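Examining the three-dimensional arrangement
Take a look at the letters that make up each chain.
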Amino acid sequence: MRPIACFSLGVLMWAGSCDRSSSSEFNETPLETEISIAGLKALCDSQGSTTISRDAAICGKVVANDLYDEFYHEIIIEDDSGGITIAINDNNLNKTFPFGAWVEVHCNGLVLHDYGGKIELGSAPDSYGNRGIPSSEINRYIRVKESQGELPRAVKLSFDEVQSRHVDTRVRFDGVRFAEAGNAWCDTDPETGELVTTEREIIDSNGNRFRVRTLGKCHYAGEALPNGQGSLFGVIDYFNGEFSLRVTFHEFVFQANAFPERVISDGPPNGLSPSLQAPVGREYDIRP
């Protein structure tokens, strides 16, 4: 039985408005129903799941989706108060909800689930245990207010700075290296030969370690981990008292010798691949 814990961050309202579009095709959200992501999470009770039975709308930017199959049937959105995973039973979510898209979620009727101490948003479980919003009901609950805009920046953190408020938010670790550099991102099941979800470790300059979790079905699960030292981008995950990093959009900048092994801009534009092979000798700007 997994222990139940709810992050009660105590921020019930968010000063920013959900309305980021002047298009008349979107219905206006009454100000009294707007709530921050942290405030929504605080509605979760101690029973592990809470059905939202009031008008409540959250807004945020997409900071993770299923591009490269790094996440399965879920997206993550973030506002100024924090982030939250939204389970959705549909494929190609990166096309519907691209990186940086500003989305509005009408939460009345949805369910907050406590999964290993992390609060997620979805539907009541069906007969198979799926908690994702059915594809037929996506438009009922979620709308894209703005598909293009300023891309969300990654907050630079050290390992010891990671707290519960950073869960499901976009971060970056600088000056790190993989403890198992050269091995694949994911291990292979010796019986089936299939790649399986795996946690590797990164090490900072002080020798501190942090977990990096990668799904076995991720497109680059069989690729070798980068050598050398560099920066890694992703969102903070949490399960049963342990934090980990989930890499997003295959974003990392590592230097094996004098030049970057792989160079990433600050997020993929419109869901396109962010990965670029680094021409030798060229300088690259890594945004703070």
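These numbers come from a predicted model, not from an experiment. (Residues numbered from 1 in each chain as written. Predicted model: local features only at pLDDT ≥ 70, side-chain atom pairs only at ≥ 80, totals over all residues. Heavy atoms only, no water.)

Some words on the overall build of the protein
Quick reminder of the rule: For helices the rule is a DSSP run of H or I covering at least 4 residues; for strands it is a run of E covering at least 2, with both sets numbered from the N terminus onward. For every residue, the accessible area obtained with a 1.4 Å probe (protein chains only) is divided by the maximum for its type, and the residue is called buried under 20%, exposed over 50%, and partly exposed between those limits. By the convention used here, residues are in contact when the closest approach between their heavy atoms is within 4.5 Å.
A tally of helices and strands in the protein yields three helices and 19 strands. Here the protein holds 288 residues, and the buried ones make up 50% of them. Sequence separation of at least 24 residues holds for 65% of the intrachain contacts in the protein that already meet a minimum separation of 6.

Focus on the environment of Lys-217
Tracing the chain through its elements places Lys-217 in the loop between strand 15 (209-214) and strand 16 (229-239). Sequence-wise, Lys-217 and Thr-197 are 20 residues apart; in three dimensions their C-alpha atoms are separated by 7.6 Å. For Lys-217, the residues in contact, after removing those within four places along its chain, are Asp-69 and Tyr-72.

Side note on the pairing of strand 5 (residues 102-106)
Rule in force here: Whether two strands pair comes down to DSSP finding at least two bridges between them.
Extensive coverage of strand 5 is indicated by the burial of four of its five residues. Two strands pair when backbone bridges link them, and strand 2 (residues 57-64) and strand 5 are joined in this way by five bridges, in the antiparallel orientation. Its bridge partner lying in strand 5, Gly-60 is registered against Val-103.

Concerning the nonpolar core
Nonpolar side chains tend to gather and get buried jointly when the protein is soluble and globular. Which entries qualify depends on this criterion: Among the buried residues, those of types Ala, Val, Leu, Ile, Met, Phe, Trp, Tyr and Cys that are joined through side-chain atoms within 4.5 Å form a nonpolar core.
Counting residues in each nonpolar core, the largest one holds 28 residues, and the members touching the most others are Phe-173, Trp-185, Ile-202, Leu-232 and Leu-245. Of all the elements, strand 17 (residues 242-255) adds the most residues to this core, at five residues. Among the nonpolar cores identified, the runner-up in size contains 27 residues, and Ile-35, Ile-37, Ile-86 and Ile-119 belong to it.

Remarks on unusual backbone geometry
Leaving glycine aside, a negative phi is the common case for residues, and trans is the common case for peptide bonds. Although it is not a glycine, His-73 sits at a positive phi angle of roughly 55°. Mapped onto the elements, His-73 comes out in the loop between strand 2 and strand 3 (74-79). Residue Asn-240 is not a glycine yet carries a positive backbone phi of 50°. Since its relative accessible area comes to 36%, Asn-240 is described here as partly exposed.

With respect to the environment of Leu-43
For Leu-43, the position within the fold is in the loop between helix 1 (37-41) and strand 1 (49-51). Classification of Leu-43 by relative accessible area gives partly exposed; the value is 28%. Along the backbone, Leu-43 and Leu-112 are 69 residues apart, and their C-alpha atoms lie at a distance of 8.1 Å. Non-local contacts of Leu-43, meaning those with residues more than four positions away in its chain, are made with Ile-35, Thr-50, Arg-54 and Leu-112.

Here we look at the state of the cysteines
Operational definition: Disulfide: a pair of cysteine sulfur atoms within 2.5 Å of each other.
Summed over the entire model, instances satisfying the criterion amount to zero disulfides. For the unlinked cysteine Cys-218, the closest cysteine sulfur is that of Cys-186, found at 6.6 Å.

A few points about the pattern of salt bridges
Rules: Any carboxyl oxygen of Asp or Glu that lies within 4 Å of a side-chain nitrogen of Lys or Arg is treated as forming a salt bridge with it.
Enumeration according to the criterion identifies 13 salt bridges in this entry. Note that Arg-170 and Glu-251 form a salt bridge whose closest N and O atoms lie 2.9 Å from each other. With Arg-170 in strand 11 (residues 170-178) and Glu-251 in strand 17, this residue pair connects regions lying 81 residues apart in the sequence. Among the residues examined, Arg-170 registers a relative accessible area of 1% and is labelled buried. Take Glu-251: its relative accessible area is 0%, and that puts it in the buried class.

Re the packing of aromatic side chains
Put simply, the rule reads: Between the rings of Phe, Tyr and Trp (Trp by its six-membered ring), a pair exists once the centres lie within 6.5 Å; its type follows the angle of the planes, with under 30 degrees stacked, over 60 edge-to-face, and the other angles tilted.
Evaluated as defined, the whole model comprises twelve aromatic pairs. Taking the centre distance of 6.0 Å and the plane angle of 75° together, the rings of Phe-252 and Phe-254 count as edge-to-face. Taken together through their ring pairs, the aromatic side chains of Tyr-68, Phe-178, Trp-185, Tyr-220, Phe-252 and Phe-254 make up a single cluster.

Details of the confidence of the model for the protein
Do not read the predicted coordinates in detail wherever pLDDT is low. Going by this rule: Confidence of the predictor in every single residue is expressed as pLDDT, which spans 0 to 100.
With 76% of its residues at a pLDDT of 70 or more, the protein shows a mean pLDDT of 82. Between residues 1-16, whose pLDDT stays under 50, and residues either more than four places distant or in other chains, the model counts 46 contacts. Low pLDDT (under 50) marks residues 20-27, which in the prediction has ten contacts with non-local residues, meaning those over four places away or in another chain.

Details of the environment of Trp-185
Residue placement: Trp-185 occurs in the loop between strand 11 and strand 12 (187-188). The exposure class assigned to Trp-185 is buried, which follows from its relative accessible area of 1%. Measuring from C-alpha to C-alpha, the distance between Trp-185 and Glu-223 comes to 6.2 Å, with 38 residues separating the pair along the chain.

A word on the pairing of strand 14 (residues 198-203)
Here two bridges tie strand 11 to strand 14, and the two strands are oriented antiparallel to one another. Each residue of the ladder has a partner; that of Arg-177, found in strand 14, is Ile-203. The sheet contact formed by strand 14 and strand 15 spans six bridges and is antiparallel. Within strand 15, the position partnered with Glu-199 by the bridge is Arg-213. Two successive antiparallel strands, strand 14 and strand 15, enclose a turn made up of five residues, where Gly-207 displays a positive phi of approximately 85°.

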